[in-house]
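Chain by chain, the residues run as shown.
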Amino acid sequence: MTALTPTPPPPTASQDLDRVPFGRAATATLVITKRNLLRNVRLPQLLVFATIQPVMFLLLFNFVFGGAIGGSLPQGLDYIQWLMPGLLIQIAAFGSGQTALGLVEDLDKGVIDRFRSLPMARSAVLTGRTLADLIRNAFVLTLMLSVGFLIGFRWETGSLRFLAGMGLALGFAYALSWVMATIGFVVRTPEAVQSAVFLPVFPLVFASSVFLPTETMPDWLRAFADNQPITIIANAIRGLMLGGDTLPAGQTVSGQALISLAWISAITLIFSLLAVRQYRRISS
Amino acid sequence: MPTPPHPQDPIVEVHDLVHTFGRDIRALDGVSLAFDAGMVYALLGPNGAGKTTLIRVLATLLRPDSGSAQVAGVDVLAHPTRARTRIGLAGQFAAVDDYLTGRENVRMIGRLYGLSGAEAKRRADDILEGIGLTDAASRAVKTYSGGMRRRLDLAASLVGRPQVLFLDEPTTGIDPRNRADLWTLIRQLVDDGTTVLLTTQYLEEADRLAERIGVIDHGRIISEGTSDELKDTLGGAMLELSVEPEHREAAQGLLRDALGDEPVLDPETERFRVTAPDGTRSLLVAIRALDAAGIEPDDVRLIKPTLDDVFLQLTDTDVQPEVAS
């Protein structure tokens, strides 16, 4: 049997810092990102179910509602054209719950305790988790778009604008990951997290322009729907992918995109601070 | 650069740690302890005694309300990152990833510890070999038995060559065979120079593994010492025997003279109980005295206190209202 714990070398200067250097923090983030992504690769059923649900949404909404709604849309758009940009946001929103689930599971199993007992940047647990979820979201959204393309979705602007639209969807997914991380650290029990993450997402997704224009909603609901971030970002993506004439009167594509970026930045900033604070609180 | 710990300084030194959860659950109620490098120190106590809370404080996972703690010459409250370079932690549940292989799990910890990819790989292979998991190293952990998972968890805690290893109930829920294997492994680590602080509910575990034992209950160390010292606090061995009723009076006098203690007759079992200060020698002295008087004792027993007795007595006399949780 080899010696498992040979006398350690004398502590080097880097070992005796009170803060972990940035380079090592970045490495730790990448290592944890890879670990979280590997879970999706090794347990493919996770990814399969994570993709079946959005594809089902896409197919059901398009073929069930498409016929009735078609015709009544601005510029006589086909429903798939209206639906696809909105669904990108819906899927990003629903998928972000995975961030909370993953963190709470790690907390429950003692994995986060193990990480926190290592001389590594503690923040890597959060940055690695949100980064992995961003990559997973990019995969799911790409797959969705491919299915959308098969059933008739075509973007009508340049590739740069199309990519900018994708960027907004992913940016929003990333921002929501931090919201979900905060919720996860507050709720902390895996069972409760399952339902807790849908609470904020459901009303925001349905009371929005994701599935339909907001014009036919009652005034009080429309006032909410028109001003909440999911409508704003869905409209921005629609404008970027289909052109400015799909937007409600008085809105410009660049204007909506800028407001979207402001929302995404604000949510990311506020909730990353809250999530970090909540994460620290676990240790007292 | 901090000065290296003086060789004679205790490797773990805790003063008056207090930690309260919520309003009034005092998980740690003034814990102080100290012990030297190169040994196993066992924290023995029932569920909710404060064992895990103490480990969490020492492993930098929890900031106590007050008190101080030094591990391997580092103040863990003032310099937690520094302390983490000297410790290893294996928690109550094997914190390993099911979908990764054993090797990937250990390598990941090595990378997070700051080793390069190549170093982490080499270190993982060495540890897995030392811990007897080489054959299973390429298999996903979900195929491992409970005992193997615990060993892998222990492997992960060894990556940083810790000076002090914290093991929180390392063998809880493990079958006896695997438990014995883990004990061997832990002793091996100590022989290699690691200091181990472990918590346990099993008296046998503390008795077998630990050089020193701290009995903890209601957030306080209520007794401390070697296994023998703790047993001695109960006053040593007792001699129990019975004689025919007509010889009781004579036997009582003979035993008193032979052992210097007043024998007590238990009315229920109708047996004498008397302290046997010299253990087996006292037993022989007593039997000879009775034999010389023609009294033949029956059902003779020498009762040595077990750690269980110590534990039950200590936790029993410590009458405290049960803390609501």
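Since the model is a prediction, treat every value here as computed from it, not as a measurement. (Residues numbered from 1 in each chain as written. Chains lettered and ligands numbered in written order. Predicted model: local features only at pLDDT ≥ 70, side-chain atom pairs only at ≥ 80, totals over all residues. Heavy atoms only, no water.)

Caption draft 1: Molecular detail of the overall build of chain B. The secondary structure content of chain B amounts to 11 helices and 14 strands. What you see for chain B is a C-alpha radius of gyration of 25 Å, clearly larger than the 20 Å of a compact globule of 325 residues, by over 25%. For the C-alpha atoms alone, the extent of chain B along its principal axes is close to 80 × 45 × 40 Å. Within chain B, contacts between residues at least 6 apart in sequence are counted, and of these 69% link residues at least 24 apart. Roughly 14,800 Å² of accessible area belongs to chain B as shown, and the carbon and sulfur atoms make up 47% of that amount. The average position of the 35 basic charges and that of the 52 acidic charges among the side chains of chain B differ by 11 Å. (Helix = DSSP H or I, 4+ residues; strand = E, 2+ residues; numbered from the N terminus. Rg over C-alpha atoms; globule rule 2.2 N^0.38 Å. Contact = heavy atoms within 4.5 Å. Areas by Shrake-Rupley, 256 points an atom, 1.4 Å probe, with all protein chains shown as cover. Lys, Arg positive; Asp, Glu negative; His and termini not counted. Charge placed at Lys NZ, Arg CZ, Asp CG, Glu CD.)

Caption draft 2: Spotlight on the sheet that holds strand β12 (residues 264–266) of chain B. Residues and elements named next belong to chain B. Spatially, the four strands line up as an open sheet ordered β12-β13-β11-β14, and their pairing is antiparallel. With one partner strand each, in any of the chains shown, β12 and β14 (298–303) form the two edges of the open sheet. Averaged over all neighbouring strand pairs, the angle between strand axes comes to 25 degrees, with direction disregarded. One ladder, built from three bridges, connects β12 with strand β13 (residues 271–276); its direction is antiparallel. From the neighbouring strand, Val264 faces β13, where its bridge partner is Arg273. On the sheet, helix α9 (residues 248–259) packs against β11 (237–242), β12 and β13 and is oriented at approximately 5 degrees with respect to β13. (Pairing = 2+ DSSP bridges. Axes fitted to C-alpha atoms, helices over the stretch in contact; angles between N-to-C directions.)

Caption draft 3: Structural detail: the domain arrangement of chain B. The domain boundaries assigned to chain B delineate domain 1 (12–232) and domain 2 (237–304). The straight-line distance from the C-alpha centre of domain 1 of chain B to that of domain 2 of chain B is 46 Å. (Domains from an automatic or database assignment.)

Caption draft 4: Here's a closer look at the pairing of strand β7 (residues 164–168) of chain B. Residue and element names in this part refer to chain B. The buried fraction of β7 is high, at five of five residues. Going residue by residue along β7, you find Val164, Phe166 and Asp168 tucked away on one face and Leu165 and Leu167 tucked away on the opposite face as well. Pairing of strand β6 (residues 87–90) with β7 involves four bridges; the strand directions are parallel. Its bridge partner lying in β7, Gly88 is registered against Leu165. Pairing geometry for β7 and strand β8 (residues 195–200), over five bridges, is parallel. Each bridged residue has a counterpart across the sheet, and for Phe166 the counterpart in β8 is Leu197. For the segment spanning β7, helix α6 (residues 176–191) and β8, crossover handedness is right-handed. (Buried < 20%, exposed > 50% of the residue type's maximum accessible area, 1.4 Å probe, protein only. Right-handed = clockwise from strand over helix to strand, strands pointing away.)

Caption draft 5: Summary view of the pattern of salt bridges. Counted according to the given criterion, the structure contains 26 salt bridges over all chains. Here Arg35(A) makes a salt bridge to Asp106(A), at a shortest N to O gap of 2.9 Å. With Arg35(A) in helix α1 (residues 22–42) and Asp106(A) in helix α4 (residues 97–109), the pair connects residues that are 71 residues apart, well separated along the chain. Overall, Asp106(A) belongs to the buried group, its relative accessible area being 8%. With a shortest N-O distance of 2.8 Å, Asp29(B) and Arg26(B) are connected by a salt bridge. One network of salt bridges, in which partners are shared, links Glu240(B), Arg271(B), Arg273(B), Asp299(B) and Arg301(B). (Salt bridge = Lys/Arg side-chain N within 4 Å of Asp/Glu carboxyl O.)

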